[in-house]
Amino acid sequence: GVALRLHVCARAHSLSALSFSHPLFVSIETRVQIQESVRGKDVFVIQTMSKDVNTTIMEMLIMVYACRTSCAKSITGVLPYFPYSKQCKMRKRGSIVSKLVASMMCKAGLTHLITMDLHQKEIQGFFNIPVDNLRASPFLLQYIQEEIPDYRNAVIVAKSPASAKRAQSFAERLRLGIAVIHGEAQDAESDQVDGRHSPPTVKTTGAIHPSMEIPLLIPKEKPPITVVGDVGGRIAIIVDDIIDDVDSFVAAAETLKERGAYKIFVMATHGLLSSDAPRFIEESAIDEVVVTNTIPHELQKLQCPKIKTVDISMILSEAIRRIHNGESMSYLFRNIGVDD
């Protein structure tokens with residue numbers, strides 16, 4: 001392997017003046033220079049996603065391409081959090097952006113990818129290279145057992161039916177009960193504002209035979225918020241993979257408090273904690289938010305002491321060592337099922 005000293009000039013300015021009355025704008029480009037030979041070497045490019053995710057992706061692509069054109073033997077990307085992973089399904093008239101990012105990484109020259117807890121495991125199919133999707137759940141389970149003294153009196157909570165599989169996995173390993181919050185407020189991914197519900201601008205006739213009638217799908221109507229499972233007098237541990245916009249977690253915590261939960265923990269792998277998330281957490285009924293260090297969040301921890309960090313660097317370093325030495329990766333996936 002080789003430890004690269006990559007010189008990233010992320011602030012290479014070039015001023016361009018327009019001929020009309022618009023102000024000057026700055027074109028910021030990224031330039032990468034590898035300070036030593038990587039010919040025939042195994043290269044591992046470690047890239048942490050920052051808040052400026054688009055710049056981070058471009059840095060990653062340019063670094064990989066620089067190693068490829070410098071004749072590196074193999075180029076393994078280590079991305080603890082895969083960007084745009086939430087955009088892995090077709091929504092309305094949108095696009096599957098995670099597929100685009102995967103294609104760009106492969107085209108740039110990536111030969112292997114190490115990441116952690118993809119939002120959907122099917123994202124691995126977007127790549128035509130090997131992908132090792134590591135899991136953070138062993139570290140979070142260890143935190144529950146060691147840092148929550150009376151965790152035996154806890155119940156694992158899914159804040160929506162979509163998170164039920166993850167909650168079930170945690171509950172079965174800890175031998176605890178499970179609860180699911182159903183009927184939450186309508187989210188932004190609803191199809192009700194989809195343009196496909198709008199009528200055509202010009203009424204067309206003769207497109208469908210008069211004797212044919214296409215049945216109309218009944219629109220969804222979410223019931224009032226209910227908690228399936230008993231949380232009264234228990235510790236509630238909400239589990240998910242990403243904490244970004246915390247509104248749904250705050251609403252879930254309030255619901256659990258109303259149902260009698262006396263302590264509420266939130267646990268997730270990736271703590272994006274965007275915008276005013278630290279302030280909302282501090283003012284909410286949540287007692288503690290536990291995330292891993294796949295994404296830097298030191299500033300958010302200063303703003304909210306409820307945020308705790310679990311270190312997962314050990315499993316990433318072991319994955320790098322095993323890949324470089326040609327050893328099996330199955331040791332890192334022990335007791336992990338299809339639904340985990």
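In the block above lies the structure referred to throughout.
These figures come from a predicted structure and were not determined experimentally.

## Concerning the sheet that holds strand E9 (residues 226-228)
As summarised here, the arrangement of the 7 strands in space is E9-E8-E7-E10-E11-E12-E13, forming an open sheet in which the pairing is mixed. This sheet does not close on itself; its edge strands, each paired only once, are E9 and strand E13 (307-310). Pairwise comparison of adjacent strand axes, ignoring direction, gives a mean angle of 25° for this sheet. Of the pairings in the sheet, the one linking strand E7 (residues 154-158) to strand E10 (residues 235-243) comprises 4 bridges and is parallel in character. Considered in E10, the bridge of Val-155 is made with Ala-236. Across the sheet, helix H3 (residues 137-147) touches E10, strand E11 (263-271), strand E12 (288-292) and E13, and the angle it forms with E11 is around 155°. Along the sheet face, helix H4 (residues 164-174) touches E7, strand E8 (177-182), E10 and E11 and points at about 160° away from the line of E7.

## Let's talk about the sheet that holds strand E4 (residues 74-79)
Overall, parallel pairing links the 4 strands, which are arranged E3-E4-E5-E6 in an open sheet. The open sheet has two free edges, formed respectively by strand E3 (42-46) and strand E6 (131-134), since each of these has just one partner strand. Neighbour-to-neighbour, the strand axes of this sheet turn through a mean angle of 15°, independent of strand direction. In the sheet, E4 pairs with strand E5 (residues 112-116) via 4 bridges, with the strands oriented parallel. Bridge pairing in E5 links Gly-77 to Leu-113. Strands E3, E4, E5 and E6 of the sheet are contacted by helix H8 (residues 313-325), whose axis makes an angle of about 160° with E5.

## Considering the pairing of E7
In terms of burial, E7 is largely enclosed, as 5 of its 5 residues are buried. Taking every second residue as pointing to the same face, both faces of E7 are buried, with Ala-154, Ile-156 and Ala-158 on one and Val-155 and Val-157 on the other. Pairing between E7 and E8: 4 bridges, direction parallel. Bridge pairing in E8 places Val-157 opposite Ala-179. In this view, the connection linking E7 to its parallel neighbour E8 by way of H4 has right-handed handedness.

## What to know about the side chain of Ser-284
Inspection of the secondary structure puts Ser-284 in the loop between helix H6 (277-282) and E12. Those residues in contact with Ser-284 that lie beyond four places of it in its chain are Val-250 and Lys-306.

Reading guide: rules and limits
- Residues numbered from 1 in each chain as written.
- Predicted model: local features only at pLDDT ≥ 70, side-chain atom pairs only at ≥ 80, totals over all residues.
- Heavy atoms only, no water.
- Pairing = 2+ DSSP bridges.
- Helix = DSSP H or I, 4+ residues; strand = E, 2+ residues; numbered from the N terminus.
- Axes fitted to C-alpha atoms, helices over the stretch in contact; angles between N-to-C directions.
- Contact = heavy atoms within 4.5 Å.
- Buried < 20%, exposed > 50% of the residue type's maximum accessible area, 1.4 Å probe, protein only.
- Right-handed = clockwise from strand over helix to strand, strands pointing away.

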